[in-house]
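An overview of the molecular structure
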Amino acid sequence: MSTSSLPGYRPPSVNPTPTYSAEPQAYEQRLALNRLRQRPSTDFVKQSRSGGVSLRLVEQDDNITLPVYGCGDSVEGSIIVAKPDGVTSVEVKIEGTLRLKEVAEGGNTAHRLVLSVQTLWTRDHRAGQCPPSLPFSITLPTTFSDGREVYPLPPTHEAHMSGVPGFHADIEYSVSALISRTKSSSLLRPGNNIVSTPFVYYPRSRPAVPLPPRMQHDSSSPTPMETSDWRCFESLMSARTPNSRGVLAKFYIPSSRVFCMAEPIPFYLTYTSSAKALAAFLPFAPLPPSRMSRQHTRVQLIRQTSVDVRNAVLIGAKTDMWRTVEIGQAVFQHEGDGPSWMSFSGEIRVSPQTRIGGFKAGGLTIKDFIVLSMTPPEPLKAPFGELRQVVPIRLTTDPWSMDGTGQAFAASDYSIALSPEDEFLDLRVPAYAPP
């Protein structure tokens, strides 16, 4: 084909590429924003007793007692060898262990959560003398297996139940520098072979959805205007006298049942019955915070820790032992009442000592529940029977965030908390009595 027959080229007429701006223009809309969190810049240093070897871990916060790592983080740093004479090899090792021990029952077990060894240097004919600084980076796994099931890597944790029987449960992690020397060299410098430090594994999580808007009340209605954002749990307190009506309690909490432990957990509570029955129930109804000492109706956040060394079922019964503690309690506010109803709202504040959410790892299980209860001071003389409504929930370390602008953590730093419908969240929670 002759080139003279080809048409001439003319660039297409298009609009110029728009200029970029960090913030949306008036005609634009931001769909998502995921900012990487700013990593700490401080080093954590652990030295051998003689100072000949140092384990340096980077990207740690100021004034920390122990290094802290999250889900899928890399343990990064370097091993500093001040006296490399006689060194034959340098390794770094990360270990994690779950140990369970029953008191009086005699059972105990251990699971290896992490074991990662990285050789940084070995002496041979080409390597020469050990370098004074050896960098390393080891990524933590996100799961582990006990030989039966695979679980998310559990956080650093310690729990115990005193008494007989009782239990101890420990989840520990550590990073170590291992320096091997020739025999004559090690005799001259004892104590330089291993430098080790525990570290805290603190996986972060957040809810998949935000807390819903407040429920709206109609002054003429006995119940709030129900929406799909809120779930109702009903319980009937039966009357003890013949021909008397019981009191129906409707307990509303957000449908997701996944909450950040740093935020108050909202709820609503409504009672319906006849005017006569409600009048009899009034002494047992929720009271304001100023009269908490006489409170017969309570909403508590209860944590159950169970240990099962055998992880088995014998003659139809599980072999675990467990304890419960209160990690949060509600305050109430009166919302309104009518001839046949009374309504309250409230919120549960989680104890600031609570740092981790529920999890299951081998034979160790931690579960959280919201418990609504009404316990009369003299149950046999009370006009109504006791009430106990147990609702499984999950707690997360951080609040829901739409675009990461709040605390500005990248999505990879989080796992989305699972629904409380998990199979291990059963309802075997006993009545809790404060010590």
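Fair warning: this is a prediction, and the values are worked out from it, not measured in the lab.

Mapped onto the elements, Arg257 comes out in the loop between β15 (247-254) and β16 (258-260). One polar contact links the side chain of Arg257 to the main-chain carbonyl oxygen of Pro392, over a distance of 3.1 Å.

Strand order in this open sheet of four strands is β1-β2-β4-β7, and the pairing throughout is antiparallel. Because the sheet does not close on itself, it has two edges, and the strands there are β1 (42-47) and β7 (133-139). Each strand of the sheet is rotated relative to its neighbour by a mean of 25°, with strand direction disregarded. As defined by bridge partners, strand β4 (residues 74-81) adjoins β7 across seven bridges and the pair is classed as antiparallel. Within β7, the residue paired with Gly77 across the bridge is Phe136.

What follows is about the confidence of the model for the protein chain. Averaged over every residue, the pLDDT of the protein chain is 82; the share at 70 or more is 75%. The secondary structure element of the protein chain with the lowest average pLDDT is strand β19 (residues 313-314), at 46, and the one with the highest is β7, at 96. This stretch, residues 31-36, has a pLDDT under 50; its non-local contacts, to residues over four places away or in other chains, come to 13 contacts. Taken as a whole, residues 313-317 scores under 50 in pLDDT and shows three contacts with residues more than four places along the chain or in a different chain.

This model, assessed by the stated rule, comprises 10 salt bridges. A salt bridge links Asp43 to Arg56, with the shortest nitrogen-to-oxygen separation between them at 3.7 Å. Residue Asp43 is found in strand β1, and its partner Arg56 is found in strand β2 (residues 53-60); the two are separated by 13 residues along the sequence. Residue Asp43 is classed as partly exposed on the basis of its relative accessible area, which comes to 35%. For Arg56, a relative accessible area of 30% puts it in the partly exposed group.

In terms of burial, β15 is largely enclosed, as seven of its eight residues are buried. With eight bridges connecting them, strand β14 (residues 230-237) and β15 associate as antiparallel partners. By the bridge assignment, Met237 is partnered in β15 with Val247.

About the thresholds
Residues numbered from 1 in each chain as written. Predicted model: local features only at pLDDT ≥ 70, side-chain atom pairs only at ≥ 80, totals over all residues. Heavy atoms only, no water. Helix = DSSP H or I, 4+ residues; strand = E, 2+ residues; numbered from the N terminus. Polar contact = N/O pair within 3.5 Å; in protein donor to acceptor, adjacent residues only side chain to side chain. Pairing = 2+ DSSP bridges. Axes fitted to C-alpha atoms, helices over the stretch in contact; angles between N-to-C directions. pLDDT = per-residue confidence, 0-100. Contact = heavy atoms within 4.5 Å. Salt bridge = Lys/Arg side-chain N within 4 Å of Asp/Glu carboxyl O. Buried < 20%, exposed > 50% of the residue type's maximum accessible area, 1.4 Å probe, protein only.

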